[in-house]
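# Structural characterization, general
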Amino acid sequence: MKLTRRGIAVVGIVVFAALQSYFFGERALNFVAAPGIAALFAGVFALWRAERPSVERSAVRPGFPGEKRRETIAVEGSGIATVVDVLPDGIDGDALNRTVSLPTKLDRELSFRKRGVYPLGSVTVRQRDPLGLVATDLELGAESDVAVYPEVYQLDPGRVIGSLSGAGRGDPGDAFDWLREYQHGDPLRRVHWKSSAKYDELLVADSGLEGQTDPIHLVVDGRATAADELAVAAASFALPILEAGLEVALTLPDDQVTGDSGQRQRERVLLALAATGDRSAWDRGGGRSQRSSNVRDDADVLLFGDEDAVTVRVDNMDVPFARLRSGSVSGGPGPRSTTTASAVIDG
């Protein structure tokens, strides 16, 4: 519990009045000092009896750089309080510093700026008495984390999927797909609608990866200074493979995601790539240790390099990641952020 600026002013007035009364016998000044003292004691008592506030943050869903989220901070209690909360670097938005009457709910918009996992810490609630003479600061609310995924580039589907099927050396446009008649149980996303309309029957696109049973192992290796660029490349490579219905395993210098497929695996991969970048783990490996060499040899897709140039190695072929990109950057899921099934089919 501490004095506010208003409380300090009241204390100054009380002291001045008391000194004037003592030295000059102006007892009328006691009528100034006495109410000030009473107000201070009343403020301390009111704050001591006040209900302790509580804070609850709304959950903030993960997202990609450039995306926005709404956050609600609910503060329960009574009286007047100032709510203070500062956002971590990497997330833009309004820093809270509002004086409100409790209970209240405060809404704000968060804008994701940079890849990472950021702590949303406890909220400072500065509770004060009705006259604003004394206050106490409370750190309230459970801490939580919000993940900002790496950016995802659209990739040339022929180069990505075709290279994994062992046909990537040819023309990426026709390296891996062929058509067959639709069979019961085939997912609709495999239907090649253009060809089906042309031949008046349902045709399904197959690829050299249809029989793939083992997870496709992506390995990321490099220096911590290249973590952001390598995370972008890994996400851009992993997501189209997952959307093609295949399993992906991911090995990072400071983490590992076992092989699986589906939406949950997509989230696990993206979360691992959002969090990766522990400098000690990355620089300890750096592609030179025995463990790192073994992992690199087991990789189906190896991503390595530095912040200036990331290289993708598939089937002993090195391709600059920049050559695999087919266009714009997009943050969120959907046809612009990853290579969808239809894009893979159209090749």
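The following refers to the structure shown. From a predicted model like this one, the values you see are computed outputs, not experimental measurements. (Residues numbered from 1 in each chain as written. Predicted model: local features only at pLDDT ≥ 70, side-chain atom pairs only at ≥ 80, totals over all residues. Heavy atoms only, no water.)

## Looking at the overall build of the protein
In terms of regular secondary structure, the protein is built from 10 helices and 19 strands. Out of the 347 residues belonging to the protein, those deemed buried represent 46%. Pairs at least 24 apart in sequence give 64% of the contacts found in the protein among residues at least 6 apart. Surface summary for the protein: the accessible area is close to 18000 Å², and the carbon and sulfur share equals 51%. (Helix = DSSP H or I, 4+ residues; strand = E, 2+ residues; numbered from the N terminus. Buried < 20%, exposed > 50% of the residue type's maximum accessible area, 1.4 Å probe, protein only. Contact = heavy atoms within 4.5 Å. Areas by Shrake-Rupley, 256 points an atom, 1.4 Å probe, with all protein chains shown as cover.)

## Topic: the sheet that holds strand β18 (residues 317–320)
Overall, mixed pairing links the 6 strands, which are arranged β15-β14-β13-β16-β17-β18 in an open sheet. The strands lining the two open edges of the sheet, one partner per strand, are β15 (255–260) and β18. Ignoring strand direction, the axes of neighbouring strands in this sheet form an average angle of 20 degrees. Along the sheet face, helix α5 (residues 227–243) touches β13 (216–220), β14 (248–252), β15, β16 (301–305) and β17 (310–314) and points at about 175 degrees away from the line of β13. (Pairing = 2+ DSSP bridges. Axes fitted to C-alpha atoms, helices over the stretch in contact; angles between N-to-C directions.)

## Some points on the side chain of Thr276
With respect to the helices and strands, the residue Thr276 is situated in the loop between α6 (262–275) and α7 (279–285). Within the local environment of Thr276, its side chain forms a polar contact with the side chain of Asp254, the two groups lying 2.6 Å apart. Thr276 has contacts with Arg115, Ala231, Leu252, Asp254 and Trp282, leaving out every residue within four places of it along the chain. (Polar contact = N/O pair within 3.5 Å; in protein donor to acceptor, adjacent residues only side chain to side chain.)

## Digging into the pairing of β17
For β17, a buried count of 4 out of 5 residues is recorded, marking the element as mostly surrounded by other parts of the structure. Here β16 runs beside β17; their pairing, made up of 4 bridges, is antiparallel. Residue pairing across strands places Gly305 opposite Val310, the latter belonging to β17. One ladder, built from 4 bridges, connects β17 with β18; its direction is antiparallel. Looking at the pairing, Val312 lines up with Val319 of β18. Hairpin remark: β17 followed by β18, antiparallel, with 2 residues in the connecting loop; positive phi at Asp315, about 55 degrees.

## Considerations on the nonpolar core
Within the largest apolar cluster, 43 residues are counted, with the highest numbers of intra-cluster contacts made by Leu218, Phe237 and Leu250. Counting only elements with at least two residues in this core, the list comes to β10 (152–155), β13, α5, β14, α6, β16, β17 and α9 (321–324). With 12 residues, α5 is the single largest residue contributor to this core. In this structure, Val75, Ala81, Leu102 and Leu106 belong to the second largest nonpolar core, which totals 13 residues. (Core = buried A, V, L, I, M, F, W, Y, C linked by side-chain atoms within 4.5 Å.)

## What to know about a negative patch on the surface
On the surface, Asp214, Asp297, Asp298 and Asp300 cluster together to form a negatively charged patch. For Asp300, the position within the fold is in the loop between α8 (290–297) and β16. (Patch = residues over 30% accessible without salt bridge, like charges linked within 9 Å, V, L, I, M, F, W, Y side chains within 5 Å. Salt bridge = Lys/Arg side-chain N within 4 Å of Asp/Glu carboxyl O. Lys, Arg positive; Asp, Glu negative; His and termini not counted. Charge placed at Lys NZ, Arg CZ, Asp CG, Glu CD.)

## Structural notes on a nonpolar patch on the surface
A cluster of nonpolar side chains, namely Met1, Val44 and Trp48, defines an oily patch on the protein surface of about 370 Å² accessible area. Here Met1 lies in the segment before β1 (2–3).

## Describing the pattern of salt bridges
All told, the structure shown has 11 salt bridges when counted by the stated rule. When the shortest N-O distance is used, the salt bridge between Arg69 and Glu67 registers 3.1 Å. The pair Arg69 / Glu67 is uniform in exposure class, with both members buried. Arg313 is paired through a salt bridge with Asp318; the nearest N and O atoms lie 2.7 Å apart.

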